[in-house]
Structure formats: C-alpha cells, structure tokens
Amino acid sequence: MNKIKVVNNKIIPFVSDDVEINDNNINFNNNGNYFIDYIDCNNVSLCINVNNNKCIHLFEYSNNNDINFNIKYNLDMASSLIISKFYYNNKCNEVVNISLNKRGANIKYNFSSISNNDNFYKINVYHLDNNTSSDVFNRIVAKENSSNYFDINSYVDNGIKDCYLNQSTKIVTLGDSDNRVNPNMFISEEDVTAIHSSTIGSINEEDLFYLMSRGISYNDSVKLIIKGMILSNINPDMENMERILSILDSIGGE
C-alpha cells in the first residue's frame, strides 16, 4: 500500500509515478491501494483527484485532538473511488465535497468513527453527469456525553440520468449522547434510483443476549458487536487493523 503522510496539516513530499502532489492537491494517475495518515493535524484542507478510468482504494486514518477537515474528491470519466475512513479524534468538524464529474464515475464512501466529544460532519455528493453512482455508509459509536451531527446531501439536476444514490448512517450509543442525522436528496430528475436510511440507538438487545447466552461477558459482548460494526464497514489491512483494535479494546460496555 502506498502511504501518504499529512503532518501538521501538510503533505510530506515523496516521489512516485502513481501519485502527483502539488501543495495539498493529490492526483492519482494509476490504479492501486493508497493510505493517508493524518499526524498531529488540526486544520487539513485537501483536494483529491481520480483521473479517467482509474480505480482507487483509499484508506484514511486520523487519531488527533481537535481537528477541522475540508476534503474535496473529484472523479473523472469511468473512475472508481472506494474510501475507507477511520477517525478517533477528540473533536472533529469535517466538510466533504464529492464531485462525480463525468459519466460512469462512482464512489463508495465508508466512514467509521468512535466519538469522544462534539463532532460535525457535512457530506455533499454532486452527480454531475449520467450513469454516476454514490454509496455513503457511516458507522459511528457514540461514547458517553459525546455528540454527532451528520448533514448529508446528494444532488442530481434535471437531465442527469441513470444515477444511483445511497445514504446509510448508523449510530450506536454507549450511554447518554446527542446524535442527529439530516439526510437530504435534492433530485430534479425522475430517472434516478435513490435510497437512504438512518438509525440511532443502543446496541441490539437480541445480539447481546445471543452472545451472553454463550458465556461471553456483557463488556466483551459489547466489544464484539462494536468491532463487527466498525471493521466490517472499512475492512482495514493488518497494520491498520491492529491500531484500530487497540482503540476498540479500550471501549467497555458503558
């Protein structure tokens, strides 16, 4: 996996035929798996571009204190971008703009997070040409006294046909927390498939009962359910799996 490090809000320069970096603009020129690690950051602004006919799997990892993100993803003709993103920040304010600029562009946006304090996420998806596709999957564990606000907006103008839009957000609460999801689909065209779902609630009692009936403790049952939800959404490699598991192992059944 090709690693890109963003340290103190700036990309660390490196030489690669596959990736072209200009200031905080990233251009992916070849198919492949890539990893962005945000280190000691508090205010990150990136523009990520996927060129024609390229297929990119991008894993993003952030374990910082208070951080602001402004991320743009631009997809060209018949390009494909799979984003697997894991955050464990103290506080996070993120604005994501996804532009499906050309015919056949498609994105799968998979976001998992453990929330400690106040978090705001705004995700805008713009379908700008025919036959474009977007899936947005958010999976959040809200710890005691945290808050999570999601503002998710998908756009299709009149005349943009054969598009597919999907939004799915699930927030599992551990104790008292303030969580809100605002899913919007602004569609001016009939020839579109659009789906959205949002759920907020505590861990499923039937799942807990099933695990505990097999001799697993309450806290360990909670951890297993959380791990399944978080990890299945992002499917990390072994290196990132170990980092994420160490965080998830610290979470008990509050």
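Residues numbered from 1 in each chain as written. Predicted model: local features only at pLDDT ≥ 70, side-chain atom pairs only at ≥ 80, totals over all residues. Heavy atoms only, no water.

Asks: What is the right way to read the pairing of strand β12 (residues 118–127) from this model?
Replies: Note on strand geometry: in a regular strand, side chains alternate between the two faces of the sheet. Sheet analysis places strand β10 (residues 91–100) next to β12, joined by 9 bridges and oriented parallel. In the sheet register, Asn97 faces β12, and the bridge partner there is Asn124. Note that β12 and strand β14 (residues 147–156) share 10 bridges and pair parallel. The residue bridging Asp118 from the neighbouring strand is Ser147, located in β14. (Pairing = 2+ DSSP bridges. Helix = DSSP H or I, 4+ residues; strand = E, 2+ residues; numbered from the N terminus.)

Asks: I would appreciate a short explanation of the nonpolar core in the present structure.
Replies: If you look at soluble globular proteins, the nonpolar side chains tend to sit buried side by side. The biggest cluster of nonpolar side chains holds 41 residues, and the ones touching the most others in it are Phe28 and Tyr73. Residue contributions to this core peak at 5 residues, all from strand β8 (residues 66–75). Apart from residues lying up to four places away in sequence, Tyr73 is in contact with Ile48, Leu58, Glu60, Leu81, Ile83, Lys85, Val96, Asn97, Ile98, Ser99 and Tyr109. Core analysis: the second largest hydrophobic core is formed by 21 residues, Phe86, Tyr88, Ile203 and Leu208 among them. (Core = buried A, V, L, I, M, F, W, Y, C linked by side-chain atoms within 4.5 Å. Buried < 20%, exposed > 50% of the residue type's maximum accessible area, 1.4 Å probe, protein only. Contact = heavy atoms within 4.5 Å.)

Asks: What am I meant to see in the environment of Glu205 here?
Replies: Along the chain, Glu205 turns up in helix α1 (residues 205–212). As for Glu205 and Asn29, which are separated by 176 residues in sequence, their C-alpha atoms are 47 Å apart.

Asks: Looking at this structure, I do not really get the environment of Glu239. What am I missing?
Replies: Take Glu239: it is sitting in helix α3 (residues 238–248). The spacing of Glu239 and Phe137 is 102 residues in sequence and 23 Å in space, taken between C-alpha atoms. Only 2.9 Å separates the side chain of Glu239 from the side chain of Lys3, close enough to count as a polar contact. (Polar contact = N/O pair within 3.5 Å; in protein donor to acceptor, adjacent residues only side chain to side chain.)

Asks: Hey, could you run me through the packing of aromatic side chains in this one?
Replies: Note on aromatic pairs: each is described by the distance of the centres and the angle between the planes. Tallying each qualifying case throughout the model produces 12 aromatic pairs. Between Phe28 and Tyr34 the ring centres are 4.6 Å apart and the planes differ by 45°, which places this aromatic pair in the tilted class. No difference in accessibility class separates Phe28 from Tyr34, as the two residues are buried. Positioned above the aromatic ring of Tyr61, the side-chain terminus of Arg243 is 3.7 Å from the ring centre. (Phe/Tyr/Trp six-rings, centres within 6.5 Å; stacked < 30°, edge-to-face > 60°. Lys NZ or Arg CZ within 6 Å of the ring centre and 35° of its normal.)

Asks: Just to check I follow, could you spell out the pairing of β8 for this structure?
Replies: Two elements, strand β6 (residues 43–50) and β8, share 8 bridges in a ladder whose sense is parallel. Bridge pairing links Cys47 to Lys72 in β8.

Asks: Help me understand the packing of α1 against helix α2 (residues 218–234) in this model?
Replies: Packed helices, taken two at a time, are described by the angle between their axes plus the distance between the axes. One can describe the packing of α1 onto α2 by two numbers: an axis separation of 9 Å at closest approach and a directional angle of 120°. On the basis of their axis angle, the class for α1 and α2 is oblique. The hand of the α1/α2 crossing is right-handed. Two secondary-structure elements touch here, α1 through Asp207, Leu208, Leu211 and Met212 and α2 through Tyr218, Ser221, Val222, Leu224 and Ile225. Looking at the contact of α1 with α2 residue by residue, the classes come out as 7 nonpolar, 1 polar and 1 charged. (Axes fitted to C-alpha atoms, helices over the stretch in contact; angles between N-to-C directions. Parallel < 35°, antiparallel > 145°, perpendicular 65-115°, else oblique. Left-handed = near helix turned anticlockwise from the far one by under 90°. Nonpolar A, V, L, I, M, F, W, Y, C, P; charged D, E, K, R; others polar.)

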